[in-house]
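Per-entry structural report
What follows is each chain in one-letter form.
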Amino acid sequence: MQSTAPIGEWLSRLDRRVYAIAIGVVVGVIGGLVGLLIALIEPIFAAGVIFGGLAALYVLTNVHAALYAVIAIMALLPFGTFPFRIGFTPTLLDGALGAFILVYLLQWMTGRRGNIRVTPVHGLVLVYLGWLIIAFVLGLRHGMPTSTTARQFAETALTIGMVFILVDLLRQSQALRRLVLVIMLALGVQALISVTFWVLPEAATERTLVRLARIGYPDGGVIRYIEDDPLQPERAIGTWVDPNALGGFLAVAAALIAPQVFARRPVLRWRLLSWVVLGLVGLALLLTFSRASMLAFGIALLFIGMFRGYRGFLPLIALGIIGILILPQTQAYVVRFVEAFTGSDLATQMRIGEYTDSLRLIGRYPLTGVGFTGVPDLDIYTGAASLYLVMGNHIGVTGIVLFASTMIGVFVYGWRAWRVVGDNPELRSILLGYHAALLTALINGAADHYFFRLDFHASITLFWLVVALCLSTSRLALEMHAAAQDHPVVGAISWRAQSSVSNAASSTSSAK
């Protein structure tokens, strides 16, 4: 029988002394390379390169590990870049997404994956993506794109295309459960970092974050204050640098995991740990002083509390509001909200000005917007602190309508799944969490723009990841219900067996 490991067989035949010398040479070369790396860069970065390289090798062998790497980088190093250029400077998120897509495509090429899974909403996503590309092309008449703009638009298009990959990939309830655990871990770590940086002296936080300048982060001036006034309270930034972008990330991810604390069968079996993560995230969110994110998260909790089994959030929300109103430590927050609703603070007045200018631009170019490469008139600009107005500036009212239709489609599809998922308590909490997270992002978008701005790739990735997870969970719930209808015995067995039937059906389908 021919050996399946010729290199191992050859090594086994070597003389022991030669073998020992070879091992010594290999160890020496590796040690020398590690020593050179430490000499060239700081030890902590050398360790990061080594472990990052090992992790990258593993990611290239496992599509789910590649997806987890995308989530980890998005949450913890959203603006990190590689320390080299290839015509442009690739980001760490680019590398993770590229690896994920590559491994997924290799599964198709090698026959390990087949019968792609889609949902009725995918047609709307495809139309919206097509309109983005049309708007980009039409905008070329106003100016040619820079290499940065072209790269960022390509990143956005690929990220939206991930909806098709993720819905096809996540075919089992176990995969969705593990994904919630990964998101909870990454979210908890980022929240801990954010609170720690806020508690540390400003000089210590500045020194720590400036060390990340080697991988594309700012080399100074990273500490942020309310209205950029050092006399005002400091805002939590974590490794997201921008407090509003961090607030949006924390609010969306917190809404995703919030149902777990009251779920009949939580994903994390230690319910107390779910409470700890949610409390830590809530504290970090509070310290960002992002009013839009806090309001969006509060509305998401109300949304979750409307459903049977999760009404425990309603008294907690009431207690939270009372606490914010009466505690001395939160009076600055109360003042900020009053200023926002009365339009008396500088930030709100600037936003009102941006909204007025944005509406003027949309009035001139209502159908297609001005694209992404420039503006035709000197008295207009595309920036505005609102997802929907920025969207209207770039892709017109047509784009807003297509986007709104897609989001409505996601919620309608999710409602169909919710009506049949009652017998599966774990999938029920996951389904509710993903849709609450999407609702949070859509509400937050009314006063922030990070889920559409091309230079905030991590925020865009978060948004479309949530859309994909909504569709994946809804599709799985509907498939499991259909299986139970076709085989009545399934309806009488436990949710665990029901998941096994669904997973077996998915495996059989893939094998065919």
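Just so it is clear, the structure is predicted and the values come from calculations on it, not from any experiment.

**Let's talk about the nonpolar core**
Ranked by internal contacts, the top residues of the largest apolar core, which has 126 residues, are Phe 100, Phe 249, Phe 463 and Trp 464. Here the element with the most residues in this core is helix α18 (residues 457–486); it accounts for 16 residues. Among residues more than four places away in sequence, those in contact with Phe 100 are Val 63, Ala 66, Leu 67, Val 70, Met 162, Ile 165, Leu 166 and Leu 169. Counting residues in each nonpolar core, the second largest holds 10 residues, with Phe 197, Leu 212, Tyr 217 and Ile 223 among its members.

**A word on the packing of helix α16 (residues 387–418) against helix α17 (residues 425–444)**
Two elements in contact, α16 and α17, have axes whose closest approach is 12 Å; the angle formed by their N-to-C orientations is 160°. For the element pair α16 / α17, the angle class is roughly antiparallel. In the crossing of α16 with α17, the sense of the turn from one axis to the other is left-handed. Facing α16, whose interface residues are Tyr 388, Phe 403, Met 407, Val 410, Phe 411, Gly 414, Ala 417 and Trp 418, α17 presents Arg 428, Leu 431, Leu 432, His 435, Leu 438, Leu 439 and Leu 442.

**Regarding the pattern of salt bridges**
Counting across every chain of the model gives 12 salt bridges. Between Glu 426 and Arg 177 there is a salt bridge, and its shortest N-O distance comes to 3.2 Å. Of the two residues, Glu 426 sits in helix α17 while Arg 177 sits in helix α8 (residues 173–199), which places them 249 residues apart along the sequence. For Arg 360, the salt bridge goes to Asp 357, with nearest N and O atoms at 3.2 Å.

**Looking at the packing of helix α6 (residues 122–139) against α16**
Axis angle and axis distance: for two packed helices, these are the angle between their axes and the distance between the axes, and together they describe the pair. Two elements in contact, α6 and α16, have axes separated by 9 Å at closest approach and are oriented at 175°. Relative to α16, the element α6 lies roughly antiparallel. Contacts between α6 and α16 involve Leu 124, Val 125, Val 127, Tyr 128, Trp 131, Leu 132 and Ala 135 from the former and Met 391, His 394, Ile 395, Thr 398, Gly 399, Leu 402, Phe 403, Ser 405, Thr 406 and Gly 409 from the latter. Counted by class, the contact of α6 with α16 contains 11 nonpolar, six polar and no charged residues.

**Brief notes about the environment of Pro 315**
Inspection of the secondary structure assignment puts Pro 315 in helix α13 (residues 313–326). Judged by relative accessible area, Pro 315 falls into the partly exposed class, the value being 47%. Taking C-alpha positions, Pro 315 is 9.5 Å from Gly 305, a pair spaced 10 residues apart along the chain.

About the thresholds
Residues numbered from 1 in each chain as written. Predicted model: local features only at pLDDT ≥ 70, side-chain atom pairs only at ≥ 80, totals over all residues. Heavy atoms only, no water. Core = buried A, V, L, I, M, F, W, Y, C linked by side-chain atoms within 4.5 Å. Buried < 20%, exposed > 50% of the residue type's maximum accessible area, 1.4 Å probe, protein only. Helix = DSSP H or I, 4+ residues; strand = E, 2+ residues; numbered from the N terminus. Contact = heavy atoms within 4.5 Å. Axes fitted to C-alpha atoms, helices over the stretch in contact; angles between N-to-C directions. Parallel < 35°, antiparallel > 145°, perpendicular 65-115°, else oblique. Left-handed = near helix turned anticlockwise from the far one by under 90°. Salt bridge = Lys/Arg side-chain N within 4 Å of Asp/Glu carboxyl O. Nonpolar A, V, L, I, M, F, W, Y, C, P; charged D, E, K, R; others polar.

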